[in-house]
Amino acid sequence: MTISTPSLPPLAARHQELLQSEPRLRARDAAAKLGVSEAELLATGAQGARAIRLAPRWEDLVADLESLGRVMVLTRNEWAVIEKEGPFGNIKFFGPVGQVVGEEVDLRLFTNNWRSAFAAEIETAKGERQSLQFFDRHGVAVFKIYLLPESDASAFAALVEKFRSEEPALVAEPPAARRPEQPDANVDRAGLIEAWRALTDTHDFFRLFGRFGVSRTQVLRLADADLARPIALTNLEGTLQWAAAGKHEIMVFVGNPGIVEIHTGAVNRIAEAHGWLNVLDPDFNLHVRTEGLSAAWAVAKPTSDGPVHSLEFYDQNGETVVQLFGKRKPGKPEIPAWTQHVASLS
């Protein structure tokens, strides 16, 4: 039985019909089943109330997010979702790269990969929620902001009016073909290892990829064992349980090409459900679909403060799903408990 009515555009009607059979289906997955991008699905009003297109004045728009007060910020990739509650603050931009550095909301923004944004009221299991949603050129969500009961609704309305835009019709570009790795034998492995060992800042690690023409997992595969070694996928849950049991504060990174969202602090309630490994804490949620994990590595990066160790989890395409670090601040060494924990893993 079709539920299409004259008041619904065809895509919105198809979405409603899909939700009749799968009411818990996430917007990202619904869009994939309907053969459209998530941004296109949202733009039609298929997820609830009318979506309002916002002008892509990224630096100004992000600066105004501070006026909203406490909100929930959600970032995801294909296999992981991170949700943090808190206010925006300490916002800085360095060209197309921005940062939001707070105790609760901690983000790294790469606006070259942003293409569209919307304000929308979304129908959820908990009722309607006001949101701001940002997408890349392919119509894939970069990140989303949801208002909380304590958020400033009047500031939200003012922000929407300020950035309301009549942008051209949304056209999502098809995903680019994945670039194949160059053969390992063609890589200057000795130069790569030498440059890695000469690092003084973890942020410089990313420059190795372009400098030597390698993918991230290729870098790990070519490294000496004291710099990177494969470990069991079960170490994701094991490390979260270790942190919760020992009250160890850690850092959790989840991102995509447009953003990285970071949790720093404790984790407490760890639970598995329906193929997802979850952290379900009051102001921090993490959800990892474990079937998407294909490889895990323990990685060491030299810095001026001593070595920094991470646990890094990848999907079958070599894309980063989630990374874990011990809690640390610039100018201070890594906490010994984390160093010892990483060394114990196999």
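Scroll up a little and you will see the structure.
Here's what I pulled together on the structure shown here. Keep in mind the model is a prediction, meaning the values are calculated, not measured. (Residues numbered from 1 in each chain as written. Predicted model: local features only at pLDDT ≥ 70, side-chain atom pairs only at ≥ 80, totals over all residues. Heavy atoms only, no water.)

Turning our attention to the overall build of the protein. From N to C terminus, the protein includes 10 helices and 18 strands. Against the 2.2 N^0.38 benchmark of 20 Å for 346 residues, the protein shows a C-alpha radius of gyration of 21 Å, consistent with a compact globule. Evaluated residue by residue, the protein yields a buried proportion of 48% over its 346 residues. In the protein, of all internal contacts separated by at least 6 residues, the share reaching a separation of at least 24 is 59%. For the protein, the exposed surface amounts to about 16,800 Å²; the carbon and sulfur share of it is 52%. Of the charged side chains in the protein, 37 are positive and 45 negative; the average position of the first set lies 2 Å away from that of the second. (Helix = DSSP H or I, 4+ residues; strand = E, 2+ residues; numbered from the N terminus. Rg over C-alpha atoms; globule rule 2.2 N^0.38 Å. Buried < 20%, exposed > 50% of the residue type's maximum accessible area, 1.4 Å probe, protein only. Contact = heavy atoms within 4.5 Å. Areas by Shrake-Rupley, 256 points an atom, 1.4 Å probe, with all protein chains shown as cover. Lys, Arg positive; Asp, Glu negative; His and termini not counted. Charge placed at Lys NZ, Arg CZ, Asp CG, Glu CD.)

Turning to the packing of helix 1 (residues 10-21) against helix 2 (residues 27-34), a few remarks are in order. Taken N-terminus to C-terminus, the directions of helix 1 and helix 2 make an angle of 115 degrees; their axes are 11 Å apart at the nearest point. Relative to helix 2, helix 1 is oriented roughly perpendicular. Considering only the axes of helix 1 and helix 2, their crossing is right-handed. Along its contact with helix 1, which presents L11, R14, H15 and L18, the element helix 2 presents A30, K33 and L34. For the contact of helix 1 with helix 2, the per-class residue count stands at 4 nonpolar, 1 polar and 2 charged. (Axes fitted to C-alpha atoms, helices over the stretch in contact; angles between N-to-C directions. Parallel < 35°, antiparallel > 145°, perpendicular 65-115°, else oblique. Left-handed = near helix turned anticlockwise from the far one by under 90°. Nonpolar A, V, L, I, M, F, W, Y, C, P; charged D, E, K, R; others polar.)

Attention now goes to the pattern of salt bridges. Using the criterion set out here, one finds 23 salt bridges in the structure. Taking the shortest distance from any N to any O, the salt bridge between R216 and E312 comes out at 3.1 Å. In this pair, R216 sits in helix 8 (residues 216-222) while E312 sits in strand 17 (residues 308-314), placing the two residues 96 residues apart along the sequence. Its relative accessible area of 11% is what places R216 among the buried residues. Under the relative-accessibility criterion, E312 is labelled buried at 0%. Residues E249 and K327 are paired through a salt bridge, measuring 3.0 Å at the closest nitrogen-oxygen approach. Of the two residues, E249 sits in the loop between helix 9 (235-246) and strand 11 (250-256) while K327 sits in the loop between strand 18 (320-326) and helix 10 (336-344), which places them 78 residues apart along the sequence. By relative accessible area, E249 is classed as partly exposed at 34%. Here K327 falls in the partly exposed class, since its relative accessible area comes to 28%. Ionic contacts of the salt-bridge type, sharing partners, join the residues R70, E104, E150 and D283 into one network. (Salt bridge = Lys/Arg side-chain N within 4 Å of Asp/Glu carboxyl O.)

Turning our attention to helix 9. Taking 1.5 Å of rise per residue, the 12 residues of helix 9 would be expected to cover 16 Å, and the 16 Å separating its terminal C-alpha atoms lies within 8% of that figure. Those residues of helix 9 that sit buried are N235, L236, T239, L240, A243 and A244. Two residues or fewer after helix 9 comes K247, characterised by a positive phi angle close to 55 degrees. (Expected span 1.5 Å × (residues − 1).)

Looking now at the nonpolar core. By size, the foremost hydrophobic cluster in this structure holds 30 residues, and its most contacted members are L54, F88, L132, F134 and F143. Ranked by residue count, the leading element in this core is helix 5 (residues 153-163), at 5 residues. Those residues in contact with F88 that sit more than four places away from it in its chain are L65, E66, G69, V71, V73, V100, V105, L107, F143 and I145. Listed in part, the 29 residues of the second largest apolar core include A80, I270, L311 and V321. (Core = buried A, V, L, I, M, F, W, Y, C linked by side-chain atoms within 4.5 Å.)

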